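Listed below, chain by chain, are the residues.
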Amino acid sequence: MASSDKTIDDSLYPIAVLIDELKNEDVQLRLNSIKKLSTIALALGEERTRSELIPFLTETIYDEDEVLLALADQLGNFTSLVGGPEYAMYLIPPLESLATVEETVVRDKAVESLRIVAAEHSAQDLEIHVVPTLQRLVSGDWFTSRTSACGLFSVCYPRVSQPVKAELRANFRKLCQDETPMVRRAAASKLGEFAKVVEIEYLKSDLIPNFVQLAQDDQDSVRLLAVEACVSIAQLLPQEDVEHLVLPTLRQCASDSSWRVRYMVAEKFVDLQKAVGPEITRVDLVPAFQYLLKDAEAEVRAAVATKVKDFCANLDKANQVHIIMTSILPYVRDLVSDPNPHVKSALASVIMGLSPMLGAYNTVEHLLPLFLIQLKDECPEVRLNIISNLDCVNDVIGIQQLSQSLLPAIVELAEDSKWRVRLAIIEYMPALAGQLGQEFFDQKLRGLCMGWLNDHVYAIREAATLNMKKLVEQFGAQWAEQAIIPMILVMSRNKNYLHRMTCLFCLNMLAEVCGTDITTKLLLPTVLLLASDPVSNVRFNVAKTLQKISPFLDSSVIDTQVKPTLEKLNADTDVDVKHFASEAIAAIAAA
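Residues numbered from 1 in each chain as written. Predicted model: local features only at pLDDT ≥ 70, side-chain atom pairs only at ≥ 80, totals over all residues. Heavy atoms only, no water.

Draft legend 1. Summary view of the overall build of the protein chain. Assigned secondary structure in the protein chain consists of 37 helices and zero strands. Taken over C-alpha atoms, the radius of gyration comes to 34 Å for the protein chain, far larger than the 25 Å a tight globule of 591 residues would show. Relative to its 591 residues, the protein chain shows a buried fraction of 53%. Working note: accessible area of the protein chain is about 26000 Å², and carbon and sulfur atoms make up 51% of it. Mean positive and mean negative side-chain charge positions of the protein chain (56 and 78 charges, respectively) differ by 5 Å. (Helix = DSSP H or I, 4+ residues; strand = E, 2+ residues; numbered from the N terminus. Rg over C-alpha atoms; globule rule 2.2 N^0.38 Å. Buried < 20%, exposed > 50% of the residue type's maximum accessible area, 1.4 Å probe, protein only. Areas by Shrake-Rupley, 256 points an atom, 1.4 Å probe, with all protein chains shown as cover. Lys, Arg positive; Asp, Glu negative; His and termini not counted. Charge placed at Lys NZ, Arg CZ, Asp CG, Glu CD.)

Given below as structure tokens:
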């Protein structure tokens, strides 16, 4: 490229380089040249880009999918390089060719670029250049061109004349009835998007019959895409029309013979609920929701279980509690003991959210027993999800009630055999401590937090040290001095060197939150004592700890106590101890 800048008079140079590189056997080189197309177009100028570069690219569309994908992507941003919107039609031929290739990702990218370029056309140019392209794609022999056509209707339709609109609706109907399932699938996936731009009378007369037909297709991959269109169509129609035009199809999808269709209904349920409004929800969607909660397929039950909280939150406020208590909770109760762990886990992640809706009495009477069952579930994920959302319930029933009901189960989990469950409890502990208060925490949970420091799993010990720091942030340095530092310092005398190392890790963390006075008076002497530990791993962690806590010490203490200890460690026989000691000396000197 540098030589082309110098010899700008040699106007054939950029295109010659491109031709050479596009014919090179190395795919990477061809890919790189495509990615430089905009630079080449700038060198050629707008006119030569239109007359030479674009025709050349159109003729050479046979390559690796990777190269074609890059080309389809580049052409979407090319309008300014061919001279602006009035020349955008020059980009249509290469993109049309790319929209017919076999590889789906290339076609999708070409359609995406065609949509960008089509939007840049004037209304007149759209009818002259883009609509004929769309019609050619619709009547293409290969299904690839017909699937690509589906993505262009919504861009063209709003800006063309009435006769052309009628033609486009007829073409879309043709694609909805195509003999190839892939084309019907593409039409179903774009139906909702097209519905948004079609006038309401034609939505009812033309598109809803297509929707009903696609929702009854013999291929479940087509039927499940019709569910998405159902949401868009319901949002566009008045309530009374939704009732007789959309609901029959929705009911049929909710009880479809294919679990994949029912799964899609479950996934889209809250969107459907918002689209149809509270009255239809109460009469029609609540029974459908119950039906899905009892579905034979675990995947469907899991999908609908994740929607329990949102579905209940969007119920009509006047009847919300009544509907939840009578129509939803009995089904939720069954899911709590579902045989499938994914279903129980999905429910556990949202069930706590019902508490604010139901209020204190109903939470204590009806939800707490379910939480207790889930806290004792054999599946760690279920227990984890309940613990993570305890704050929702605390806000409603208060910590006293919560601690009486759930704390024994939480204590049990803190000693769970699965280390990930113990880890989750540790991570939740600072929040729980804040909710319970210092006195309650000291009585019931402080012992647990100390016990984790001696856990046999390193990840637990590491999390437990961070937990200590967060607890001190919560309760203050004075609490730390009285309640936990003495217990941590005892660990420095443990026979197991891993416990001595954990003691150092804790002191690292605590120095940050305890301040200079406590660090100098209580923490530093223990660190210095461990400098003569027989285990080299402990000694080099002493060097690292001294480096970390030095910002919280006075310079006089550093000179009289820290530096002599580091000098001693720097002369250690162990190479790692010497390395970390010299690093610490350098860091302290630079500070």
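So much for the structure itself; the text now carries on.
Draft legend 2. The arrangement of the nonpolar core in detail. One finds Phe78, Val308, Ile351 and Ile484 to be the most contacted residues of the largest nonpolar core, which totals 206 residues. Top contributing element to this core by residue count: helix H34 (residues 497-529), with 13 residues. Those residues in contact with phenylalanine 78 that lie beyond four places of it in its chain are Leu37, Ser38, Ala41, Thr49, Leu53, Ile54 and Leu91. (Core = buried A, V, L, I, M, F, W, Y, C linked by side-chain atoms within 4.5 Å. Contact = heavy atoms within 4.5 Å.)

Draft legend 3. View of helix H19 (residues 278-293). For H19, which comprises 16 residues, the first-to-last C-alpha distance of 20 Å sits more than 12% below the rise-based estimate of 22 Å (1.5 Å per residue). Along H19, the sharpest change in direction is near 45° and occurs at leucine 285; proline proline 287 comes one to four residues later. Taken together, the buried residues of H19 touch helix H16 (239-254), helix H17 (259-267), helix H18 (269-276), helix H20 (298-305), helix H21 (308-313) and helix H22 (320-336). (Expected span 1.5 Å × (residues − 1). Bend = angle between axes of the 7 residues up to and from the residue.)

Draft legend 4. Up close: helix H6 (residues 65-75). Within the span of H6, buried status applies to Val67, Leu68, Ala70, Leu71, Ala72, Gln74 and Leu75. Summarising the contacts, the buried residues of H6 are in contact with helix H3 (27-35), helix H4 (37-44), helix H5 (46-59), helix H7 (92-98) and helix H8 (104-120).

Draft legend 5. Main features of the pattern of salt bridges. Under the definition given, this model contains 25 salt bridges. Aspartate 217 serves as the salt-bridge partner of arginine 184, at 2.5 Å between the closest nitrogen and oxygen. Taken together, the residues span a long stretch of sequence, with arginine 184 in helix H13 (residues 181-195) and aspartate 217 in the loop between helix H14 (200-215) and helix H15 (220-236) at a distance of 33 residues. Neither arginine 184 nor aspartate 217 differs from the other in exposure class; each is buried. (Salt bridge = Lys/Arg side-chain N within 4 Å of Asp/Glu carboxyl O.)

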